[in-house]
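Tertiary structure, described
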Amino acid sequence: MKTLLLAGLMAGALALPASAAQLTVVTAGDTNMVDYINQYLGPLFEKQNPGDTVRAVGTGPGDAGSQKILERFEAQSGNEKWDTDVAVVHEKFVGPMVEKGFLKKYRSDISTGKLVTSDKAKMALGTNVDGYVMPMFSSQTAIAYNPDLVKNPPKSYSEIADWAKAHPKEFGYNGIKGGASGVSFVMGWIYAFGDGDAKQLMNGPFEESQTKKWDAALQKLKDFNQVATLTPGNAGTLDMLSRGEIAMGPVWVDMFYSWQADGKLPPNFKLVLPAPGMPGQPMHYVIPKGAPNPQLAEKFVELATSPKVQAEGIVKRFNWYPGIDAKYVKPELDQATWDKLFKDVTPEDLAKYAKPFPIAPYNNAILEAYEKNVAN
């Protein structure tokens, strides 16, 4: 009996991994980000890596959540081993993390690294982050409209301005308060109508002289606001659309589709991404240089950015655009899901018109100029 018991114990020991580890994933964003890891991605990884466990820690929504992760890295920068294996951060914060030397350059070490060709995986608001990031997903803004009221939707900012003038108070957006869909619309307006170089606003360098080239665009936007409706925020724009109080306005694509899925928006409402483009932003997986389990961290990101997980976890669960190129995700999706996500805004539209936000100094300057010259 003792021999059998000993043999059973030895067999059990051999079945366990040599050194089980706990992988700590720290994520900015709403609670759905933590739930996604704890309820879906973590268990999937644990199943593929018996004995290893995944723990998700949320730092809160918006920029504040990513700022806490940056501060966490700064506080541990002198340590050999840090308390984070993988972090999920907003695009705005990966540049400073790279510049401060806080991140591991790992993308070429994982098989899914070659599935990303987006410029957003190379430049983050003017900073070269190529190799240090893998996009978790890309969140994009677009113009939502009611096709019963808008038979021929405008395809460019110029056409939007003309349409709003001909249809007073039927275009709605939240200015720069209460949500980033309005901020995105304003940044796209400056890209479209500013006299400076839009590419320089996106990629840098910052030059004070560029900020003097927006006067005509800002005056045009102030005139536009006289015929537009100012909404209470991201949800407010969608809510006013659903009630027929406005016919058109900028929204986050994932919010739009989630509202439709929940029955809060009519199923026939549509999207258009106007030329020359509107900003969106990815959230990125990064691995800190002091990650206690760097190889396991790479395996986790590799799984998280695989076509199957991007299809099931990112597209189907959240209506986000995939972080890797959509063509690699399409074979993993049923036609109905693909058609829903890309029927209005196609991958070709995204390639042409999905823009980054301006680098921080220009972004701040545009917001200040809006307050001074447009809101007053």
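Details of the structure are given in the entry above.
Residues numbered from 1 in each chain as written. Predicted model: local features only at pLDDT ≥ 70, side-chain atom pairs only at ≥ 80, totals over all residues. Heavy atoms only, no water.

Overview of the overall build of the chain
Quick reminder of the rule: By the criteria applied, helices consist of DSSP H or I runs no shorter than four residues and strands consist of E runs no shorter than two, each listed in order from the N terminus. This radius of gyration counts C-alpha atoms alone. The globule rule is 2.2 Å times how many residues there are, raised to the power 0.38. For every residue, the accessible area obtained with a 1.4 Å probe (protein chains only) is divided by the maximum for its type, and the residue is called buried under 20%, exposed over 50%, and partly exposed between those limits. Any two residues having at least one pair of non-hydrogen atoms within 4.5 Å are treated as being in contact. For the accessible areas, the method is Shrake-Rupley and the probe is 1.4 Å, while residue cover comes only from the protein chains on display. We treat Lys and Arg as the positive residues and Asp and Glu as the negative residues; His and chain ends play no part in the count. The atom standing in for a charge is NZ when the residue is Lys, CZ when it is Arg, CG when it is Asp and CD when it is Glu.
Scanning the chain from terminus to terminus reveals 16 helices and 13 strands. The C-alpha radius of gyration computed for the chain amounts to 23 Å, which stays within 12% of the reference 21 Å derived for 376 residues, consistent with globular compactness. Over its C-alpha atoms, taken along the principal directions, the chain stretches across nearly 90 × 45 × 30 Å. For the chain, with 376 residues in total, the buried portion stands at 54%. Residue pairs in contact within the chain that sit at least 24 positions apart in sequence constitute 76% of those at least 6 positions apart. Of the accessible surface of the chain, which amounts to about 16,500 Å², a share of 52% is contributed by carbon and sulfur atoms. Counting 39 positive and 41 negative side-chain charges, the chain places the centres of these two groups 2 Å from one another.

Observations concerning the packing of helix α2 (residues 31-48) against helix α12 (residues 307-318)
Here is the rule: Orientation is described by axes fitted as lines to C-alpha atoms, over the contacting stretch for helices, and by angles from 0 to 180 degrees between their N-to-C directions. Convention used here: angles under 35 degrees read as roughly parallel, angles over 145 as roughly antiparallel, angles from 65 to 115 as roughly perpendicular, and any remaining angle as oblique. In this scheme the crossing of two helices becomes right-handed for a clockwise turn of the near helix relative to the far one and left-handed for an anticlockwise turn of less than a right angle. Think of it as three bins: nonpolar holds Ala, Val, Leu, Ile, Met, Phe, Trp, Tyr, Cys and Pro, charged holds Asp, Glu, Lys and Arg, and polar takes everything else, Gly as well.
At a minimum axis separation of 12 Å, α2 and α12 run at an interaxial angle of 150°. Overall, the two elements α2 and α12 adopt an arrangement that is roughly antiparallel. When you trace α2 past α12, the crossing you get is right-handed. Two secondary-structure elements touch here, α2 through Asn32, Tyr36, Tyr40, Leu41 and Leu44 and α12 through Val309, Glu312, Gly313, Ile314, Arg317 and Phe318. Of the residues assigned to the contact of α2 with α12, the class counts are seven nonpolar, two polar and two charged.

With respect to the pattern of salt bridges
Applied cut-off: Should a side-chain nitrogen of Lys or Arg be within 4 Å of a carboxyl oxygen of Asp or Glu, the pair is scored as a salt bridge.
Tallied over the entire structure, the rule returns twelve salt bridges. Note that Asp130 is salt-bridged to Arg107, the shortest N-O span being 2.6 Å. Of this pair, Asp130 sits in the loop between β5 (127-128) and β6 (134-145) while Arg107 sits in the loop between α4 (91-99) and β4 (123-124), and the two are 23 residues apart along the sequence. Of the residues examined, Asp130 reaches a relative accessible area of 31% and is grouped as partly exposed. In this structure, Asp239 and Arg243 form a salt bridge, with 2.1 Å as the shortest nitrogen-oxygen distance. Through salt bridges with shared partners, a single network forms among Lys104, Asp109 and Glu298.

Focus on the packing of aromatic side chains
The following threshold applies: Two rings belonging to Phe, Tyr or Trp (six-membered ring only in the last case) form a pair when the distance between their centres is within 6.5 Å. Interplanar angles under 30 degrees mark stacking, angles over 60 mark edge-to-face geometry, and anything in between is tilted.
What the rule picks out here adds up to 25 aromatic pairs. Summarising the aromatic geometry, the rings of Trp189 and Phe224 are spaced 5.0 Å apart at their centres and angled 55° between planes, so their arrangement reads as tilted. Linking Trp189 in helix α6 (residues 180-193) with Phe224 in helix α8 (residues 215-227), this pair joins segments that are 35 residues apart in sequence. Taken as a pair, Trp189 and Phe224 share a single burial class, namely buried.

Quick notes on the side chain of His90
Here His90 shows up in strand β3 (residues 86-90). Excluding its chain neighbours within four sequence positions, the residues that come into contact with His90 are Ala28, Gly29, Gly62, Asp63, Ser66, Gln281, Pro282 and Met283.

Considering helix α14 (residues 335-342)
So the rule is basically this: Directions from the helix axis toward the C-beta atoms define the arc.
Turning to α14, its buried residues are Thr337, Trp338, Leu341 and Phe342. For α14, the angular spread of buried residues about the axis comes to 105°, placing them on one side. Where α14 is buried, its residues meet α10 (253-261), α12, β12 (321-322), α13 (326-329) and α15 (347-353).

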